[in-house]
Amino acid sequence: MVRFTNTLVGILNFFVLLSSVPILITGIWLSANGSTQCERFLDKPMIALGAFLTIVAISGVVGSCCRVTWLFWFYLFVMFFLIITVLCFTIFAFVVTSKGSGETIPGKAYKEYRLEVYSNWLQKRVNNAKHWSNIRSCVYESKICSRFSDSEPVSAFYKEHLTSLQSGCCKPSNDCNFTYISPTTWNKTSETNKNSDCQLWDSQKEKLCYDCQSCKAGFIDNLNYSWKRTATVNIVFLIMLIVVYGMGCCAFRNNKREERYARPSGFNNP
């Protein structure tokens, strides 16, 4: 039983070690070859994640198979910390993404997005000038607003199922009542509007509505969708972590028990 649990823990961590290698390589590649700010932003987290998984996996393999007690202690401690971290993030992600959704507009296939309906915590993040400057650069570099045809008629545009980012960043709010020329070109009217986004709209390709509240709301809506999927996957990952941690605890306890039984037998030999 002792050998079985040790071997199983070792095999599981060996697969974790294998999975950490491509993550580490991808992070290093992005650091050296990333062409956009968004890609460069991902390199350090991926390198850190790859290095962390490598250290944990090696600790698990060596600690279980070679029965290095202090290394096994370290492995179990890190696994416990990881379980708590994943659990906290999963709960936080579900709480933060529970508020807000797009607003249906009569006669249009796409939705519009308003910042005030989303989580206060996320609102504070995107309203921070430094944070939004980085996010804005990423959104612009993704060229989401360059995918429309300038010759598209207004009737066809209103039937478009726009993403939250396209709806919030590439066109003015429906409140503005601007005159449609093309998906990213709208003529302003003389009427005043309480929606501040109407003043921020600009038909220049590098401006559009990237600084609008609707663009921030569209980003949060897109983030909510990603975080909800991640949190759902995390539940499965959390269950796997608990199972592996439980097996690790059993292997560690069995190793300690075997050590206790092995000591007396050594004293009986002349």
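Rules used in this analysis
- Residues numbered from 1 in each chain as written.
- Predicted model: local features only at pLDDT ≥ 70, side-chain atom pairs only at ≥ 80, totals over all residues.
- Heavy atoms only, no water.
- 1 Å grid on protein atoms, 1.4 Å probe; cavity = no way out; pocket = protein on both sides within 12 Å on 5 of 7 lines; lining within 4 Å.
- Points joined across faces, edges and corners; volume = space filled by probe spheres on them.
- Helix = DSSP H or I, 4+ residues; strand = E, 2+ residues; numbered from the N terminus.
- UniProt positions renumbered as here; feature names shortened; annotations may be inferred.
- Buried < 20%, exposed > 50% of the residue type's maximum accessible area, 1.4 Å probe, protein only.
- Lys, Arg positive; Asp, Glu negative; His and termini not counted.
- Salt bridge = Lys/Arg side-chain N within 4 Å of Asp/Glu carboxyl O.
- Contact = heavy atoms within 4.5 Å.
- Arc of directions from axis to C-beta.
- Polar contact = N/O pair within 3.5 Å; in protein donor to acceptor, adjacent residues only side chain to side chain.

## Overview of the layout of surface pockets
No. 1: What the second largest pocket holds in volume is close to 340 Å³.
No. 2: What lines the second largest pocket is a set of 15 residues, and nearest its centre among them are Val16, Phe237, Met240, Leu241 and Val244.
No. 3: Put simply, the parts of the chain that give the lining of the second largest pocket at least two residues each are helix H1 (2-33), helix H2 (37-65), helix H3 (69-96) and helix H9 (213-268).
No. 4: Broken down by element, the residue count for the lining of the second largest pocket peaks at 5 residues, all from H1.

## Some remarks on the UniProt feature "transmembrane region" (unreviewed entry) in the protein chain
No. 1: In the numbering used here, UniProt assigns the feature "transmembrane region" (unreviewed entry) to residues 12-32, 47-66, 73-96 and 231-252.
No. 2: Secondary structure content for residues 12-32 is 100% helix and 0% strand, while the C-alpha to C-alpha distance between its ends is 31 Å.

## Section: the side chain of glutamate 152
No. 1: With respect to the helices and strands, the residue glutamate 152 is situated in the loop between helix H5 (129-141) and helix H6 (154-157).
No. 2: Among buried Asp, Glu, Lys and Arg side chains, glutamate 152 stands out as unpaired, with lysine 159 the closest opposite charge at 9.9 Å.
No. 3: With sequence-adjacent residues up to four places away left out, glutamate 152 is seen in contact with Phe157, Glu160, Tyr180 and Pro183.

## A few points about unusual backbone geometry
No. 1: Phi angles above zero are rare outside glycine, and lysine 143 is one such case at about 60°.
No. 2: Considering the arrangement of structural elements, one finds lysine 143 in the loop between H5 and H6.
No. 3: The exposure class assigned to lysine 143 is exposed, which follows from its relative accessible area of 52%.
No. 4: If you check the backbone angles, asparagine 177 has positive phi at about 55° while not being a glycine.
No. 5: Tracing the chain through its elements places asparagine 177 in the loop between helix H7 (164-169) and strand E3 (179-182).

## Here we look at the pattern of salt bridges
No. 1: Taken as a whole and judged by the stated rule, the model has 4 salt bridges.
No. 2: With its nearest N and O atoms 2.6 Å apart, the salt bridge here joins lysine 171 to glutamate 112. Of this pair, lysine 171 sits in the loop between H7 and E3 while glutamate 112 sits in strand E2 (residues 111-112), and the two are 59 residues apart along the sequence. Taken as a pair, lysine 171 and glutamate 112 share a single burial class, namely buried.
No. 3: Residue arginine 136 pairs with aspartate 211 through a salt bridge whose shortest N-O separation is 3.1 Å. Of this pair, arginine 136 sits in helix H5 while aspartate 211 sits in the loop between helix H8 (197-200) and H9, placing them 75 residues apart in sequence.
No. 4: For aspartate 211, a relative accessible area of 39% translates into the label partly exposed.
No. 5: Beyond isolated ion pairs, a larger network of salt bridges with shared partners links Glu103, Arg114 and Asp175.

## A few points about helix H4 (residues 120-127)
No. 1: The set of residues buried in H4 consists of Leu122, Gln123 and Val126. One side of H4 holds all its buried residues, which, seen down the axis, span an arc of 105°.
No. 2: The opening residue of H4 is serine 119, an N-cap whose side-chain oxygen sits 3.2 Å from the backbone nitrogen of tryptophan 121.

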